[in-house]
Amino acid sequence: MSLKLVLLVILLVTQVASEDTSFIYNGFQSSHLYVDGIAELTSNGLLRLTNDTKQQKGHAFYPSPIVFKNTFNGSVSSFSTTFVFAIRTEYPTLSGHGIVFVVSPTKGLPNSLPSAYLGLFDKSNNGNDSNHVFGVELDTILNSEFADINDNHVGIAMQVWVEYDGVKKQIDVTLAPINIGKPERPLLSLTKDLSPILNNIMYVGFSSSTGSVLTSHYVLGWSFKVNGQAQQLAISELPKLPRLGDKKEFKFLTAGLPLISVVLVLMITLAVVFVIKRKKKFAEVLEDWEQEYGPHRFKFKDLYFATKGFKEKELLGTGGFGRVYKGVMPISKIEVAVKKVSHESRQGMREFVSEIVSIGRLRHRNLVSLLGYCRRKGELLLVYEYMPNGSLDKYLYNQPTVTLTWSQRFRIIKGVASGLFYLHEEWEQVVVHRDIKASNVLLDAELNGRLGDFGLARLYDHGTDPQTTHVVGTLGYLAPEHTRTGKATTSSDVFAFGAFLLEVVCGKRPIEHIGEHETRILVDWVYACGKRGEILEAKDVNLGIDYRSDEVELVLKLGLLCSHSEPLARPSMRQVVQHLEMDEPLPDLSLLSLSSTGLTFGYHEDSEGFALSYPSSMDKPFTHITNTSTTTTTSIAESFLSSGR
């Protein structure tokens, strides 16, 4: 592996002015740098651009503006800079997105994104001709949004020299391990006039970002000069990096590298990328979703060895869209779950892309995180956090060996509700999951519920209507309007969540065969218990007597309310969370009655006339699944029964 150095000539706007500038920082104890994001100046004089947090960015700039152009002819003056940097990651083979030495029209980059784009840009302005940004990238992973050619990198403490000759219009970049003098020959030398790129007045500094892996990016010392050679750094005076591991490892990283480091430097892969031109060149190679999204791309051989060659004994489960294997990454020893999408699935690629785009950027304690992906010869693989306690359904059905207590179930319910509220209202887009059920809720080591399997998820902007699609999902969880219109909405997710609530409390599936020719619809059965005034009879018999009756009753009634056939009558997930926290009381369900048309709320003189219409299957099985014509409903029911599911 080798450290990758990429020169970015990228293009932002302008500001103020200053004379020819020269400064040097042998450590940053007394500096007055402008910092934003999570960047900080540590007590021992380090500039720490990022810390061990995920999906974050940090910027640090010299506080005064610098005049870069000759006032007589408008050409960019010569300038020189040198700095020492270090990249420290949680795992040997995984890392954040790297460091960029940047010349920018503004202090800070307020509209930039973490993770992808190195904290410089967002999707809307990446590659924009009006940016006017020059950068030298030092990173440790492949950045597909900048058309990187590979991911052969390793993070070590290094010194960099960046020099621009304003007369020759030549950029030289030189790299060497710390404590080794500047090599005579630069690693990168190219002719490029920076006059069209740099404005008269610019700021100099650093930008950095992390992805899903905890990474710290440091600058130990920095020297800069316009119209002259930057002063040499006093390496012996630079602050020490924080201790990492044992003393031997610490000395290896910060006190000097042995001969092996020199060998690594000789193996450095250089890639020169001018974003505007090169991005277009590689556009036909990279698909859109790979350009806008940058999780770590795993090597197939690592996943192959992690899963022991995808052996059957490592198989965690099989679903409609692929097989899931347990794996242990060879070097980092991280436990992962690898989903291998089946070739027989006509929707495999689309579902794969959906998971990449949605889960990869979602961050919530009750959602399963996507760590990365792999594509090789048509094979589609997703790498998730491993959930040691598996899926929730195995604790509910078929006489489970481990029975969840009511307090555990209630915590899982509230956790999944919180995650679904985040998807519907708190994230930057609306995410409709479309397949909420107990088998798609995974349990972590503390038995917290984590909603996973976003293979059917759809995204749309807040305030807009979702587009009509074909009906997908699982029978028993499909909202009636979804089967009529093909539109999956947050309200149809609430309907499925209602079925999920009844599942968890009752320990029964939404639709179950209870005899050779008899089928039980769970929502009707719970309704019938409530009709008799004995709704607690619907609870799972395995709960015993250790439960709070008010909480059980609340969840059962909330499950019926979420199962309302009219979308507007269902609560939002914000209201569901409030109900579960008992911050908001449920509507009065005592008016619930059964008519020939289904479940309805009766009208009282002092009521507001709230009507609940829910087509019942007491007389016509499965009509509540589709809420369409009798013919259509019957065919779906017969199809389900004949499949033997």
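Check the entry above for the structure.
Counting of residues starts from 1 at the beginning of each chain's written sequence and follows it residue by residue. A pLDDT threshold of at least 70 governs which residues receive local features in this predicted model, and a stricter bar of 80 or more applies before side-chain atom pairs are shown or counted, although totals over entire chains, interfaces and linings include all residues. Excluding hydrogens and water, the side-chain values take into account all heavy atoms of the structure.

Undergrad: Quick question: what am I supposed to make of the packing of helix α7 (residues 406-426) against helix α11 (residues 549-562) here?
TA: When two helices pack together, you describe them by how their axes are tilted relative to each other and by the distance separating the axes. Axis definition: a line fitted to C-alpha atoms, over the contacting stretch in the case of helices. Angles run 0 to 180 degrees between N-to-C directions. Secondary structure is summarised from DSSP: a helix means a run of H or I of at least four residues, a strand means a run of E of at least two, and numbering begins at the N terminus for each. In contact at an axis separation of 11 Å, α7 and α11 are set at 40° when each is read in the N-to-C sense. In terms of their interaxial angle, α7 and α11 are classed as oblique. Note on packing geometry: the crossing formed by α7 with α11 is left-handed. Note on element contacts: α11 touches α7 through Glu551, Val552 and Val555, opposite Trp406, Phe410 and Ile413. Angles are sorted into four bins: roughly parallel if under 35 degrees, roughly antiparallel if over 145, roughly perpendicular if 65 to 115, and oblique for all others. Note on convention: the crossing is left-handed when the near helix lies turned anticlockwise from the far helix by less than a right angle, right-handed when the turn is clockwise. In this analysis, two residues are considered to be in contact whenever any of their non-hydrogen atoms come within 4.5 Å of each other.

Undergrad: What should I look at first to understand the pairing of strand β11 (residues 158-165) in this one?
TA: Along a regular strand, successive side chains alternate from one face of the sheet to the other. Here the term buried applies to any residue with accessible area under 20% of the maximum for its type, exposed to any over 50%, and partly exposed to those in between, with areas from a 1.4 Å probe on protein chains only. With 7 of 8 residues buried, β11 lies mostly within the body of the structure. In this scheme, strands are said to pair when DSSP sees at least two bridges between them. In this structure, strand β8 (residues 79-89) lies alongside β11, joined through 7 bridges in antiparallel fashion. Note that in β11 the partner of Thr82 across the bridge is Trp161. In this sheet, strand β12 (residues 170-177) lies alongside β11 in antiparallel orientation, the contact comprising 8 bridges. In the sheet register, Tyr164 faces β12, and the bridge partner there is Ile171. What sits between β11 and β12 in their antiparallel hairpin is a turn of 4 residues, with Lys169 showing a positive phi close to 55°.

Undergrad: Even after reading the chapter, I still don't get the side chain of Arg409, so can you show me in this structure?
TA: Looking at where Arg409 falls in the secondary structure, it is placed in helix α7. The contact partners of Arg409, leaving out residues within four places of it in the chain, are Leu396, Thr403, Leu404, Val504, Val505, Asp540, Asn542 and Leu543.

Undergrad: What should I look at first to understand the packing of helix α9 (residues 490-506) against helix α10 (residues 522-531) in this one?
TA: Their axes nearest at 10 Å, the elements α9 and α10 cross at an angle of 65°. Judged by the inter-axis angle, α9 sits roughly perpendicular to α10. Considering the relative orientation of α9 and α10, their crossing is left-handed. Counting all contacts with α9, which are made through Leu502, Glu503 and Cys506, the residues of α10 involved are Leu522, Val523, Trp525 and Val526. All amino acids are sorted into three groups, where Ala, Val, Leu, Ile, Met, Phe, Trp, Tyr, Cys and Pro are nonpolar, Asp, Glu, Lys and Arg are charged, and the leftover types, Gly among them, are polar. The residue makeup of the contact of α9 with α10, split by class, is 6 nonpolar, no polar and 1 charged.

Undergrad: How do you make sense of the pattern of salt bridges when you look at a structure like this?
TA: Any two side chains of opposite charge can pair, given that their charged atoms come close. The salt bridge definition used is simple: a Lys or Arg side-chain nitrogen within 4 Å of an Asp or Glu carboxyl oxygen. Across all of its chains, the model carries 17 salt bridges by this definition. Note that Arg450 and Glu385 form a salt bridge whose closest N and O atoms lie 2.7 Å from each other. Residue Arg450 is located in strand β25 (residues 449-451), and its partner Glu385 is located in strand β22 (residues 379-385); the two are separated by 65 residues in the primary sequence. Of the charged contacts in the structure, one is a salt bridge between Glu512 and Arg520, with a shortest N-O distance of 3.1 Å. Here Glu512 and Arg520 have matching classes, each one buried. It is possible to trace a salt-bridge network through shared partners that takes in Glu385, Asp444 and Arg450.

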